[in-house]
Amino acid sequence: MVNFEKIYKKVGLQIIDRCHGAIKITKHGKIIEVYDAKRHIWSNGLAGLIIKEECKKANLRPWEYSNVRNYVIKELLDKSEK
């Protein structure tokens, strides 16, 4: 059986890499803005779309998207504390 936590974390890191780490986030874990290198724009509503696209590439189900989003937020908050 596959460890789903590892898959969620891997997809979360792919999302951060896709945005080149250019994700603005609050201290409480809310995503404010995201830069998408594929579209070359900053947007405040684009985070969900990027997460959805990367999750579809990884063949995840729609109910798993929130788990990936939590890993993205957790990784960004951990990086900002360092």
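The residue numbers shown here count from 1 along each chain, following its written sequence. Since the coordinates come from a predicted model, pLDDT governs what is reported: local features require at least 70, and pairs of side-chain atoms require 80 or more to be given and counted, while whole-chain, interface and lining totals use all residues. Only heavy atoms go into the side-chain values, all of them from the structure, while hydrogens and water stay out.

A.B. asks: How would you explain the pairing of strand 2 (residues 31-36) if you had to name every residue and give the values?
C.D. replies: A pair of strands counts as paired when DSSP detects no fewer than two bridges linking them. Strands are runs of DSSP state E lasting at least two residues, helices are runs of H or I lasting at least four, and both sets are numbered from the N terminus onward. Bridge analysis of strand 1 (residues 23-25) against strand 2 gives three bridges, and the strand direction is antiparallel. Across the sheet, residue Ile23 finds its bridge partner in strand 2, namely Val34. Between strand 1 and strand 2, which pair antiparallel and follow one another directly, the connecting turn spans five residues, one of which, Gly29, has a positive phi of 90°. Counted between consecutive antiparallel strands, the loop separating strand 2 from strand 3 (residues 41-43) contains four residues, among which His40 sits at a positive phi close to 60°.

A.B. asks: Which residues make up unusual backbone geometry, and what are the values?
C.D. replies: Backbone phi values are negative for most residues with the exception of glycine, while trans is the configuration of most peptide bonds. A positive phi is found at Asn59, a non-glycine position, where the angle reads about 60°. Inspection of the secondary structure puts Asn59 in the loop between helix 2 (46-57) and helix 3 (65-81).

A.B. asks: I'd like a description of the packing of aromatic side chains, backed by residues and values.
C.D. replies: Pairing of aromatic side chains here covers Phe, Tyr and the six-membered ring of Trp, requires ring centres within 6.5 Å, and sorts the geometry by plane angle: under 30 degrees stacked, over 60 edge-to-face, intermediate tilted. As enumerated under the stated definition, the model contains two aromatic pairs in all. Centre to centre, the rings of Phe4 and Tyr8 are 6.4 Å apart; their planes meet at 25°, and the pair counts as stacked. With Phe4 and Tyr8 both in helix 1 (residues 4-18) and four residues apart, the pair spans about one turn of that helix. You can call Phe4 partly exposed: its relative accessible area is 38%. Aromatic pair Tyr35 and Trp42: ring centres 5.6 Å apart, planes at 50°, arrangement tilted. Accessible area is worked out with a 1.4 Å probe on protein chains only. A residue is then buried under 20% of its type maximum, exposed over 50%, and partly exposed in between.

A.B. asks: Could you give me a rundown of the nonpolar core, with the residues and numbers involved?
C.D. replies: Think of a nonpolar core as a cluster: buried Ala, Val, Leu, Ile, Met, Phe, Trp, Tyr and Cys residues, connected wherever their side-chain atoms sit within 4.5 Å. Counting 20 residues, the largest nonpolar core has Ile15, Ile23, Val34, Cys55 and Val68 as its most contacted members. For this core, the elements supplying multiple residues, two or more each, are helix 1, strand 2, helix 2 and helix 3. Among the elements that line this core, the one with the most residues is helix 3, at six residues. Here, residues are in contact when the closest pair of their heavy atoms is within 4.5 Å. With residues up to four places along the chain from it excluded, the contact list for Ile23 reads Ile16, Ile31, Glu33, Val34, Val72 and Leu76.

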